[in-house]
2 protein chains.
Amino acid sequence: MKPKMTLKKIASELGLSISTVSKALKNNKDISKENREKVQAFAKYYNYRPNSVALSLKNRKTKTIGVIIPEIVHHYFAKVISGIEEVANSKEYNVIIGVTNESFNKEIINMEMLIDGSIDGFIISLSKETLQKKDYKHIRETINQNIPVVMFDRAVDEIPCDKIIIDDRKAGRMAIQKLIDEGRRKILLLTTKDYLSIGRLRTEGYKDALAANNIPYHEDLVVRIGELGDSEEDQRNLEQRINRVFEMHPDIDGIFGVNEIYAVTALNVARLRGLDVPEQLSVIGFSDGILSKYARPHLTTVSQHGFHMGELAAETLIYRLEKMDKDQIPPYTTQVVKTNLIIRDSTRNNTSIEL
Amino acid sequence: MKPKMTLKKIASELGLSISTVSKALKNNKDISKENREKVQAFAKYYNYRPNSVALSLKNRKTKTIGVIIPEIVHHYFAKVISGIEEVANSKEYNVIIGVTNESFNKEIINMEMLIDGSIDGFIISLSKETLQKKDYKHIRETINQNIPVVMFDRAVDEIPCDKIIIDDRKAGRMAIQKLIDEGRRKILLLTTKDYLSIGRLRTEGYKDALAANNIPYHEDLVVRIGELGDSEEDQRNLEQRINRVFEMHPDIDGIFGVNEIYAVTALNVARLRGLDVPEQLSVIGFSDGILSKYARPHLTTVSQHGFHMGELAAETLIYRLEKMDKDQIPPYTTQVVKTNLIIRDSTRNNTSIEL
DNA sequence: CTGAAAGCGCTAACAA
DNA sequence: TTGTTAGCGCTTTCAG
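Residue positions within a chain follow its written sequence, with the count starting from 1. Naming scheme: in the order in which they are written, chains are lettered from A and ligands are numbered from 1. Since the coordinates come from a predicted model, pLDDT governs what is reported: local features require at least 70, and pairs of side-chain atoms require 80 or more to be given and counted, while whole-chain, interface and lining totals use all residues. With hydrogens and water set aside, each side-chain value is computed from the structure's full complement of heavy atoms.

**Points about the protein's contact with DNA strand C**
Defined as follows: If even one non-hydrogen atom of a residue comes within 4 Å of a molecule or strand, that residue is called near it. Counting of polar contacts relies on pairs of N or O atoms within 3.5 Å, with two restrictions inside protein: one atom must be capable of donating a hydrogen and the other of accepting it, and residues adjacent in sequence are counted only when both atoms are side-chain atoms. Numbering of helices and strands runs from the N terminus; a helix is a DSSP stretch of H or I covering at least four residues, while a strand is a stretch of E covering at least two. Here the nonpolar group is Ala, Val, Leu, Ile, Met, Phe, Trp, Tyr, Cys and Pro; Asp, Glu, Lys and Arg are the charged ones; every other residue, Gly included, is treated as polar.
In the vicinity of DNA strand C there are 26 residues, among which Lys-23, Asn-35 and Lys-58 of chain A together with Leu-7 and Tyr-48 of chain B approach most closely. The contact atoms of DNA strand C, taken as those within 4 Å of the protein, divide so that sugar and phosphate hold 66%. Here Thr-20 of chain A contributes a side-chain N or O atom positioned 2.8 Å from a phosphate oxygen of DNA strand C. In the environment of DNA strand C, a base oxygen lies 3.1 Å from a nitrogen or oxygen atom belonging to the side chain of Lys-58 of chain B. Only helix 2 (18–25) and helix 4 (52–59) of chain A together with helix 1 (7–14), helix 2 (18–25) and helix 4 (52–59) of chain B provide two or more residues apiece to the surface near DNA strand C. The greatest single-element share of the surface near DNA strand C, amounting to 4 residues, is contributed by helix 2 of chain B. For the surface near DNA strand C, a count of residues per class yields 9 nonpolar, 9 polar and 8 charged.

**Concerning the pattern of salt bridges**
Here is the rule we go by: Basic side-chain nitrogens of Lys or Arg form a salt bridge, by our definition, when they fall within 4 Å of a carboxyl oxygen of Asp or Glu. Relative accessibility decides the category of a residue: with a 1.4 Å probe and only protein chains considered, values under 20% of the type maximum give buried, values over 50% give exposed, and everything between is partly exposed.
Summed over the entire model, instances satisfying the criterion amount to 30 salt bridges over all chains. One salt bridge in this structure joins Arg-202 of chain A and Asp-168 of chain A, with 2.7 Å as the shortest N-O distance. A residue pair is termed long-range when its members are at least 10 positions apart, and Arg-202 of chain A in helix 10 (residues 197–212) and Asp-168 of chain A in helix 9 (residues 168–181) qualify at 34 residues. Assessed through its relative accessible area of 3%, Asp-168 of chain A is described here as buried. Where Asp-208 of chain B meets Arg-169 of chain B, a salt bridge forms, and the shortest distance between an N and an O atom there is 2.7 Å. Note that Asp-208 of chain B is positioned in helix 10 (residues 197–212) and Arg-169 of chain B in helix 9 (residues 168–181), a separation of 39 residues in sequence. Since its relative accessible area comes to 18%, Asp-208 of chain B is described here as buried.

**Points about the relation of the copies chain B and chain A**
For clarity, the threshold we go by: Our superposition of the copies is a least-squares fit, built on the C-alpha atoms of residues whose pLDDT is at least 70 in both. Any two residues whose heavy atoms approach within 4.5 Å are treated as being in contact.
With an RMSD of 0.1 Å, chain B superimposes on chain A once it is rotated by 180° and translated 0.0 Å along the axis. When the rotation and shift are considered jointly, the pair of chain copies conforms to a two-fold rotation axis. Residue Ile-96 of chain B of chain B places its C-alpha closer to the rotation axis than any other residue of that unit, at 2.3 Å. Most of the interface of chain B is mirrored in chain A, where 98% of its interface residues again form contacts.

**Looking at the protein's contact with DNA strand D**
Neighbouring DNA strand D are 27 residues; Tyr-48 of chain A together with Ser-19, Lys-23, Asn-35 and Lys-58 of chain B lie closest to it. For DNA strand D, the fraction of protein-proximal atoms (within 4 Å) that sit in sugar or phosphate groups is 63%. Asn-51 of chain A is positioned with one of its backbone polar atoms (N or O) 3.1 Å from a phosphate oxygen of DNA strand D. Contacts to DNA strand D include Ala-54 of chain A, whose backbone N or O atom sits 3.4 Å from a base nitrogen. Elements supplying a minimum of two residues to the surface near DNA strand D: helix 1 (7–14), helix 2 and helix 4 of chain A together with helix 2 and helix 4 of chain B. Sorting elements by how many residues they give to the surface near DNA strand D places helix 2 of chain A first, with 4 residues.

Spelled out as structure tokens, the structure:
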């Protein structure tokens, strides 16, 4: 077992002082060429690597980013993390992940655990519970402590900080417009409870599109679905609920689900009822997850570009961090990522529409 | 903006020495009750949190775990991370993630980036490329530097360390046995190239089961699939390949896919060919991913228990870490996680079999 | 050209 | 009961 090399050991081994060694390793011209070479060779041979903890302490920055997300077993969030990782890695940053499981308390605990100097900044998507409570003290305090926060996807207006979002309302509107363009008139919306802004905004988009096309809005055709667990039971409940809507309104000819699960479930229910998709019924989902690709027929979706959002979030945070190093404070930005419709087989025609 | 509190500031603010403050915060009886209370109140008020970097430097341990995985946008790995997170969090450890994208070089870079004192130990699932090259120098060196490594899922015999695996061979055998028990005789195996031990072992299990039931082995019925990208094209190629096997062998009555994608793809191909699943054909997949649940019919699978494997990996690593703290070195263990068959609708009967 | 010293924030042994 | 000191590993200023 090789013991860990340190400047001190190299110094004593070579009969030099620590500072000489430190400089030699940096190839500082102050040091004689001879000594530089000797030290560098020695260091290389023993595989010396400066201790990052010591560096962090000295530099008062850790070069690590804390990422707080509601869920990790979730295609979208996994994609986002991927994007963050990629950018972070390329800039020599590490990424620490904290998972909140949609819980307000876990969000706080996770953040507090990292706010002790472990990280330089946060990238966060707020938990559902936090959004419900509308309690953002912990975020505000973090920012007050001079730790920058970048919000993505689930961002809130109340907090001034960098944000990476998509235009959910517009995305919803365009999805519905697509259905209308296909001739659909009785469109079922499967959405979340309203405290989730993404659900609320996509619902707004739904209304917008109907209004723009003079199609009356029916409260009956909007199903607001609550927490959906992993259980078979929750799943079956959802199916039944959709089934009931179909019984009341057998002439539904379009479905928009604000996430993949809703859309795929509806797709399956419809087909079990003997409906031909996309002949009698078109279905559009949200998210670029894997379910859509493997569903039969393949599901047309509004893509979310999770990977790109992750990249942007990381770039934005690191940009701010590096500016702060030079005592500059860039203004906060809100970046809206374009969504687009990925046309697959659950809708009729074949063009990809830029939203 | 509140400036960060430190012992030093508290000390000078309160006219005490740093060490007095430090002890007072620990409620050390050495310090007068009066001062203890004063200090604690002050610290609480200013939300003092000891700087973790300084602590890490002092204690020569970071209480963070490095997790190196091939992919994060992958249900199984996401589950594993979840499990790791859960255990790590409960023991006050942080988790740093490094993604290799199945690349040998990225694996090395990722590990080197963390081996500089950033983490206390690794949990790793080797990249495909590493497995192909059979080059484990970096792992060996890590262990030699006294940084413990726990391998999961993709472990190799060549390296002595803690391992969390499943008995892939047995799992494969039992899946096939299930098909045979249903009366299936002509069973298609969709597996990976042999350098991936999981594919190879599951293939062995396939052969085992055939042999045990005196069913002749046909090389034709074993399809070894190479790298499968995210692209539509790769996907279509796979479909075509499966289709071709069906053309040669229209009487296939069972399919076992060593992962979810293979199985779901085969299921879809079979149904498009007009085969009734599970009447004419049974399909079993591997993995407890989300595709299986939403496939129609719902796919029977061998569950992998990713979450539990993550928990075990984290527990095992932390256990060793804490022992090492007391200068003890526990023997290496290999823990085999039981798999079980989750019977859904792509096979005939209805019992859950313990493997 | 080289090295001593201070300091990043904290703990702990020891002195007062 | 409190404070001084040394040290974790490193960088950097400044004196030699």
